[in-house]
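Secondary and tertiary structure notes
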Amino acid sequence: MKAVSEFPAHTLLKGLAAKATLSAEGKSEEEISTSLGETLKLKDNRLKYFMSAMGVAETNTENLYRVRLFTYGEGETVPEKAVLIDEVYYIAEFFSGATGPKPVTGKPDPKARAGKKDRPQGPKSSPWGLSPEEIAAKKEASARAAAAKTK
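The structure contained in this document is the topic of the report that follows. This is a predicted model, so every value here is computed, not measured.

1. Here we look at helix α1 (residues 9-24)
Over its 16 residues, α1 runs 22 Å from end to end, which matches the ideal 22 Å to within 8%, given 1.5 Å per residue. Among the residues making up α1, those that are buried are Ala 9, Thr 11, Leu 12, Gly 15, Leu 16, Lys 19 and Leu 22. Angular distribution of buried residues about the axis of α1 spans 155°; they occupy a single face of the element. Those residues of α1 that are exposed and aimed more than 90 degrees away from the buried face are His 10, Lys 14 and Ala 24. Those residues of α1 that are buried are in contact with β1 (2-8), α2 (29-40), α3 (44-57) and β2 (64-71). One or two positions beyond α1, positive phi appears at Gly 26, with a value near 90°.

In structure tokens form, the structure reads like this:
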């Protein structure tokens, strides 16, 4: 198996929309291909692969993630969902499962960081840490608090 190329869903969907618009205007396949090549900056084999990948993608655009292109050698197992076009196999990949937020169960998340809400949320004086004067003031305040606690 050798990977040839891949096209993400957003590029394919943009190409399908442009193809539909150009087809509605009465453009031929050659004119559509040329226009998409100029718009998406694709040439030669890459443009040919893109046009074929759009054909594979337009059958099911729901939850489409990308279309990957492979060539397989003799004796290699080809996936069932692969589509063969001009000696190149096109495999459409989809998002799996729900992509929405997790449902609220009422239980606290065990991985959530405890105590984060108790920390002061004021602005930081410097992105590099405390200045020497601030460090000295902090030590002095800590020493006073310790002295008051022992009294």
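Next comes the rest of the write-up.
2. Description of unusual backbone geometry
Residues other than glycine predominantly adopt negative phi, and peptide bonds predominantly adopt the trans conformation. Non-glycine residue Asn 63 carries a positive phi angle of around 60°. As for its placement among the helices and strands, Asn 63 is situated in the loop between α3 and β2. Accessibility expressed as a relative area gives 41% for Asn 63, which makes it partly exposed. Its identity is not glycine, yet Glu 87 carries a phi of approximately 65°, on the positive side. Residue Glu 87 is classed as exposed on the basis of its relative accessible area, which comes to 69%.

3. Considerations on the pairing of strand β4 (residues 88-94)
Across the seven residues that make up β4, a large majority, six, are buried. With six bridges joining them, β2 and β4 adopt antiparallel strand pairing. Directly across from Val 67, in β4, lies its bridge partner Ala 92. Note that strand β3 (residues 83-85) and β4 share three bridges and pair antiparallel. Note that in β4 the partner of Ile 85 across the bridge is Val 88. In this antiparallel pair of consecutive strands, β3 and β4, the connection spans two residues, and Asp 86 shows a positive phi of 50°.

4. Here we look at the sheet that holds β1
With antiparallel pairing, the four strands of this open sheet are ordered in space as β1-β2-β4-β3. Two strands lie at the open edges of the sheet, namely β1 and β3, each paired on one side alone. This sheet shows a mean twist of 30° between the axes of neighbouring strands, independent of strand direction. Where β1 and β2 come together, six bridges link them in antiparallel fashion. Pairing of Phe 7 across the sheet is with Val 67, part of β2.

5. Description of the pattern of salt bridges
This structure, assessed with the given rule, holds five salt bridges. Note that Arg 66 and Glu 6 form a salt bridge whose closest N and O atoms lie 3.4 Å from each other. With Arg 66 in strand β2 and Glu 6 in strand β1, this pair connects stretches of sequence that are 60 residues apart. By relative accessible area, which is 36% here, Glu 6 ends up partly exposed. Ionic pairing is found between Glu 6 and Arg 68, a salt bridge with its closest N-O pair at 3.7 Å. In this pair, Glu 6 is assigned in strand β1 and Arg 68 in strand β2, connecting sequence segments 62 residues apart. For Arg 68, a relative accessible area of 22% translates into the label partly exposed. Taken together, the shared-partner salt bridges in this structure form one network comprising Glu 6, Arg 66, Arg 68 and Glu 93.

Rules and cut-offs
- Residues numbered from 1 in each chain as written.
- Predicted model: local features only at pLDDT ≥ 70, side-chain atom pairs only at ≥ 80, totals over all residues.
- Heavy atoms only, no water.
- Helix = DSSP H or I, 4+ residues; strand = E, 2+ residues; numbered from the N terminus.
- Expected span 1.5 Å × (residues − 1).
- Buried < 20%, exposed > 50% of the residue type's maximum accessible area, 1.4 Å probe, protein only.
- Arc of directions from axis to C-beta.
- Contact = heavy atoms within 4.5 Å.
- Pairing = 2+ DSSP bridges.
- Axes fitted to C-alpha atoms, helices over the stretch in contact; angles between N-to-C directions.
- Salt bridge = Lys/Arg side-chain N within 4 Å of Asp/Glu carboxyl O.

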